Amino acid sequence: RAAFQHHFSTRMTGSRLFDVLASCVAIDWSSPRAAAGCAVQTGFHHVPVFILRTGDTQCDMIVPRSFASSLSDWMTDIAAPLDLPADAVEMDRTG
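Residues numbered from 1 in each chain as written. Predicted model: local features only at pLDDT ≥ 70, side-chain atom pairs only at ≥ 80, totals over all residues. Heavy atoms only, no water.

Asks: Mind showing me how you'd approach the packing of aromatic side chains here?
Replies: We describe a pair of aromatic rings using the distance from one ring centre to the other and the angle between the two ring planes. For the structure shown, the criterion picks out two aromatic pairs. Between phenylalanine 18 and tryptophan 29, the aromatic rings sit 4.7 Å apart at their centres with planes inclined by 50°, giving tilted as the arrangement. Residue phenylalanine 18 is found in helix α1 (residues 17-22), and its partner tryptophan 29 is found in the loop between α1 and β2 (39-44); the two are separated by eleven residues along the sequence. Relative to phenylalanine 67, the ring of phenylalanine 44 has its centre 5.8 Å away and its plane inclined at 65°; by these criteria the two rings are edge-to-face. You can see phenylalanine 44 sitting in strand β2 and its partner phenylalanine 67 sitting in helix α2 (residues 65-79), a full 23 residues away along the chain. A single burial state applies to phenylalanine 44 and to phenylalanine 67, both of which are buried. In this arrangement the basic side chain of arginine 53 is found over the ring face of phenylalanine 18, its NZ or CZ atom lying 3.9 Å from the centre. (Phe/Tyr/Trp six-rings, centres within 6.5 Å; stacked < 30°, edge-to-face > 60°. Helix = DSSP H or I, 4+ residues; strand = E, 2+ residues; numbered from the N terminus. Buried < 20%, exposed > 50% of the residue type's maximum accessible area, 1.4 Å probe, protein only. Lys NZ or Arg CZ within 6 Å of the ring centre and 35° of its normal.)

Asks: For this particular structure, what's the right way to read the environment of glycine 37?
Replies: Considering the arrangement of structural elements, one finds glycine 37 in the loop between α1 and β2. According to the relative accessible area criterion, glycine 37 is exposed, its value standing at 63%. Sequence separation between glycine 37 and aspartate 56 is 19 residues; the distance between their C-alpha atoms is 9.7 Å. Every residue in contact with glycine 37, bar those within four places of it in the chain, is listed here: Leu52 and Arg53. (Contact = heavy atoms within 4.5 Å.)

Asks: Even after reading the chapter, I still don't get the environment of alanine 36, so can you show me in this structure?
Replies: Relative to the helices and strands, alanine 36 resides in the loop between α1 and β2. Ignoring any residue separated from it by four or fewer positions in sequence, one finds alanine 36 in contact with Arg53, Thr54 and Gly55.

Asks: Is there a simple way to think about the confidence of the model for the protein in this case?
Replies: A low pLDDT score tells you not to read the predicted coordinates there in detail. Averaged over every residue, the pLDDT of the protein is 81; the share at 70 or more is 80%. Of all helices and strands in the protein, the one with the weakest mean pLDDT is strand β5 (residues 90-93) (66), whereas strand β3 (residues 47-55) scores best (93). (pLDDT = per-residue confidence, 0-100.)

Asks: I would appreciate a short explanation of the pattern of salt bridges in the present structure.
Replies: Opposite charge on two side chains makes pairing possible when the charged atoms of those side chains draw close. A complete count under the given rule lists two salt bridges for this structure. Here arginine 11 and aspartate 60 are joined by a salt bridge, their closest N and O atoms 2.7 Å apart. Taken together, the residues span a long stretch of sequence, with arginine 11 in strand β1 (residues 7-13) and aspartate 60 in strand β4 (residues 58-64) at a distance of 49 residues. Here arginine 16 makes a salt bridge to aspartate 19, at a shortest N to O gap of 2.4 Å. The exposure class assigned to arginine 16 is partly exposed, which follows from its relative accessible area of 33%. (Salt bridge = Lys/Arg side-chain N within 4 Å of Asp/Glu carboxyl O.)

Asks: Just checking my understanding: could you explain the nonpolar core for this structure?
Replies: A general feature of soluble globular proteins is that nonpolar side chains tend to end up buried together. Ranked by internal contacts, the top residues of the largest apolar core, which has 25 residues, are Leu21, Trp29, Phe44, Ile51, Met61 and Met75. Every element with two or more residues in this core is listed here: β1, α1, β2, β3, β4 and α2. For this core, the element with the highest residue contribution is α2, accounting for six residues. Residues in contact with phenylalanine 44, not counting those within four places in the same chain, are Leu21, Cys24, Val25, Val49, Phe67, Leu71, Trp74, Met75 and Ile78. (Core = buried A, V, L, I, M, F, W, Y, C linked by side-chain atoms within 4.5 Å.)

Encoded structure:
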């Protein structure tokens, strides 16, 4: 537990979640290495993040706590030009 006290976890879901994430992280979401049940570590706007893909339309993302408040704003900004429906990406703060 002590290892996560400086990190924040959020569950993200949505029919177009991985389209949104593809525009901000360098991961091929169609690769077997990024399939449901797999975890990847990458950078999101120069911040290290850990993403656990938990299903075809959902994942858990662990980010530094100092980045947590910006994550929601970033996801909204990234999704806006894609003209997605309101339920395309939802975030549930878990820690």
